[in-house]
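If you want the building blocks of each chain, they are given just below.
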Amino acid sequence: LHSCDMSQARFDAAKTEIEKKDGEFAANFAKMSNDQKLVIYALFKQSTVGDVNTERPGMLDFTGKSKWDAWEKQKGISSEDAMGKYADAVEEYKKL
């Protein structure tokens, strides 16, 4: 397999793990810190969309700002690298 195909396969497997309601990731979700959840979100967005492409939310949208800031920190990372980091993070958080 080409490394790009490998990253896509790992990304898809991690995404499937997150979507399972009874998987290891779901069981540990409550134990995850907000920062850990934001990393997962940001790496998913970087993998699927690329660099942040929206305006930063207003000052009263605390959740939106946190998500936007987390995604902005991934700026410049290629989709393939973000997919690998996303898969690594999901694996790590399954073990909490």
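Our structure's up above, just so we're on the same page.
**With respect to the packing of aromatic side chains**
Move 1: Inspection of every chain in the model, using the stated rule, returns four aromatic pairs.
Move 2: Judged by centre distance (5.8 Å) and plane angle (20°), the rings of phenylalanine 11 and phenylalanine 44 are stacked. Pair noted here: phenylalanine 11 is in helix H1 (residues 3-19) and phenylalanine 44 is in helix H3 (residues 34-48), with a separation of 33 residues, a long-range link.
Move 3: Looking at phenylalanine 11, the relative accessible area reads 4%, which means it is buried.
Move 4: Relative to phenylalanine 29, the ring of phenylalanine 25 lies with its centre 6.2 Å away and its plane at 50°, an arrangement referred to as tilted.
Move 5: Its relative accessible area of 3% is what places phenylalanine 25 among the buried residues.
Move 6: With a relative accessible area of 39%, phenylalanine 29 lands in the partly exposed category.
Move 7: Three or more aromatic residues joined by ring pairs form one cluster here, namely Phe11, Phe44 and Tyr86.
Move 8: Note that lysine 37 overlies the ring of phenylalanine 29, its terminal NZ or CZ placed 4.2 Å from the centroid.

Reading the values: rules and limits
- Here, residues in each chain are numbered from 1, in the same order as that chain's written sequence.
- For a predicted model such as this one, the threshold for reporting local features is a pLDDT of at least 70, and the threshold for listing and counting side-chain atom pairs is 80 or more; totals across whole chains, interfaces and linings nevertheless cover every residue.
- Hydrogen atoms and water are omitted, and side-chain values are computed over all heavy atoms in the structure.
- For this analysis, a ring pair means two rings from Phe, Tyr or Trp (six-membered ring only for Trp) whose centres lie within 6.5 Å, classed as stacked if their planes differ by under 30 degrees, edge-to-face if by over 60, and tilted for the remaining angles.
- Strands are runs of DSSP state E lasting at least two residues, helices are runs of H or I lasting at least four, and both sets are numbered from the N terminus onward.
- Relative accessibility decides the category of a residue: with a 1.4 Å probe and only protein chains considered, values under 20% of the type maximum give buried, values over 50% give exposed, and everything between is partly exposed.
- Charge over a ring is defined by NZ of Lys or CZ of Arg lying within 6 Å of the ring centre and within 35 degrees of the ring normal.

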